[in-house]
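# Architecture at a glance
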Amino acid sequence: MTERKVVIETGWNLDNSYARLPKTFFTRLNPTLVRSPKLIILNHTLATSLGLNVQALQSNDGVVVFVGNGLPEGALPLAQAYAGHQFGHFTMLGDGRALLLGEQITPFGERFDIQLKGSGKTPYSRGGDGRATLGPMLREYIISEAMHGLGIPTTRSLAVVTTGESVIRETDLPGAILTRVAASHLRVGTFQYVSKWGTVEDLRTLADYTLQRHFPDVDDVENRYLFLLQQVIKRQAVLIAKWQLVGFIHGVMNTDNMTISGETIDYGPCAFMDTYDPATVFSSIDIHGRYAYGNQPNIAAWNLARFAETLLPLLHVNQEQAVKLAQDAISDFTELYHCNWITGMRAKLGIFNEEVQDESLIEGLLSMMQKYRADYTNTFLALTFDKSEDTALFGTTEFAQWYELWQARLDRQHEPKDSSQQLMRNSNPALIPRNHRVEEALEAAVKQGDYSVMKRFLDVLSSPYAHSPEQVDYSTLPPPSTCPYRTFCGT
Ligand code: AMP
Ligand code: MG
């Protein structure tokens, strides 16, 4: 083990606003030193946008930062405390295997959390080893970057570095650390923690900090904490609609995995839906389908209600009034979500304006897709390019009738067909990170040390609306399998 070094000239420019919050919000500690760091992948575009020097980051002094063997100037590593409802049950959690190094201030003055995931035990590790393995960290890298490419708010992945140490799971696996970049790691669970174990003043401090960090245009509003609640609800309505529109299934929408910033976080058992079915679940532990595709908007509303509960003491001095304000705000979620969803669905069908029957047109298509087990992404892709696919759906009279209705709908708007097609190209991705492709990339990387498959995949995933020739292969479905795809948590 080497001694920890101070690293310079890589462009790190860290502040520590979180570390200035009350001490009970976190635990200060250094990452556990690792044996032999090796850079597996570095996100050059992201690094540059953060004001980091790509070349310096790849040097030995640069790489050690990504495992915590070296600390950039200004880093004050800490594990954040948070609680959360896991599958509906309230628990104390916290960063059990992650450390916040600090907040990178970019050349444009933006602030991003820099977090190492897999950096060793913390006081919040409970029974866990504080470690992460290469496969799941690369999986997070691929899917989070795919989400970014799809235009969905998300935490980003800056680097994955192997530690040179084995991590014991079912077998010995290569240890790795992911450097995660986020608007912040404030979660619904952060508020739950402070609400349960802090004072009302602590809660106010957290809420003010959050407002300043994510919603700085709060100054003119009458009730700043109601404003906070409404803004978080709004961002989640946008986010969840975007998930639904591309068929993303988060898999573990516990309240600790819901951010206040409105970014997608925690790529554990997530996966993209292939065959359209609202009951789709991939996570091995989601036995009752709590986090099924079609249930995500309801769960978001449930989580937001837990968030609202934490804010009650700040919303109004009178508890009854506070509850009323919270309930009204929460009841807006459904409408806000629906509005975002239907706007997105119209775009997926090339529709610019609004007609009352649009919803039944959309539902008509979706229910046929479910009935004929059509692939969600490829059906919209075929409609975009007006191709009749060789699938059960496309051959039916039911579909032909729907198609007529859709064409008539497009004819009733002023925009020409070309504009509709352009709108559809920009709203229907050429590809998603299909499960078999993700597995193929991970297998080559982890088993053969061949990262070229993953890099090619990342390249096409970075611009899913380009509809370029090299993306065509990636829309192919896997051969039928008797074994349903399964994903796992916390691996
Ligand atoms: P997640 O499923 O990633 O949302 O994690 C839920 C909780 O388990 C969080 O408190 C994590 O920090 C913690 N956790 C997950 N994996 C580990 C691990 N290997 N060691 C310690 N804590 C962990
Ligand atoms: Mg989590």
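Residues numbered from 1 in each chain as written. Chains lettered and ligands numbered in written order. Predicted model: local features only at pLDDT ≥ 70, side-chain atom pairs only at ≥ 80, totals over all residues. Heavy atoms only, no water.

### Considering the domain arrangement of the protein chain
For the protein chain, the assigned domains are domain 1 (6-185) and domain 2 (189-346). Once you take the C-alpha centre of each, domain 1 and domain 2 turn out to be 24 Å apart. If you look at the interface, domain 1 gives 38 residues, while domain 2 gives 39 residues. For the pair domain 1 and domain 2, the summed buried surface comes to about 3200 Å²; carbon and sulfur atoms form 63% of the total. On the domain 1 side of the contact with domain 2, F25, H85 and F87 bury the most area, a combined 20% of that side's loss. Viewed at the interface, domain 2 and domain 1 are joined by two salt bridges. The partner of D113 in a salt bridge is R213, with the nearest N and O atoms 2.7 Å apart. (Domains from an automatic or database assignment. Contact = heavy atoms within 4.5 Å. Buried area = accessible area lost by both parts, 1.4 Å probe. Salt bridge = Lys/Arg side-chain N within 4 Å of Asp/Glu carboxyl O.)

### Section: the pattern of salt bridges
Under the criterion given, the structure shown has 23 salt bridges. Across the salt bridge formed by E201 and R204, the nearest N and O atoms sit 3.4 Å from each other. Taken together, the residues E201 and R204, both in helix α6 (residues 200-214) and three residues apart, mark about one turn of the helix. Here E398 makes a salt bridge to K371, at a shortest N to O gap of 3.1 Å. Residue E398 is located in helix α12 (residues 397-411), and its partner K371 is located in helix α10 (residues 358-371); the two are separated by 27 residues in the primary sequence. Among the residues examined, E398 registers a relative accessible area of 30% and is labelled partly exposed. (Helix = DSSP H or I, 4+ residues; strand = E, 2+ residues; numbered from the N terminus. Buried < 20%, exposed > 50% of the residue type's maximum accessible area, 1.4 Å probe, protein only.)

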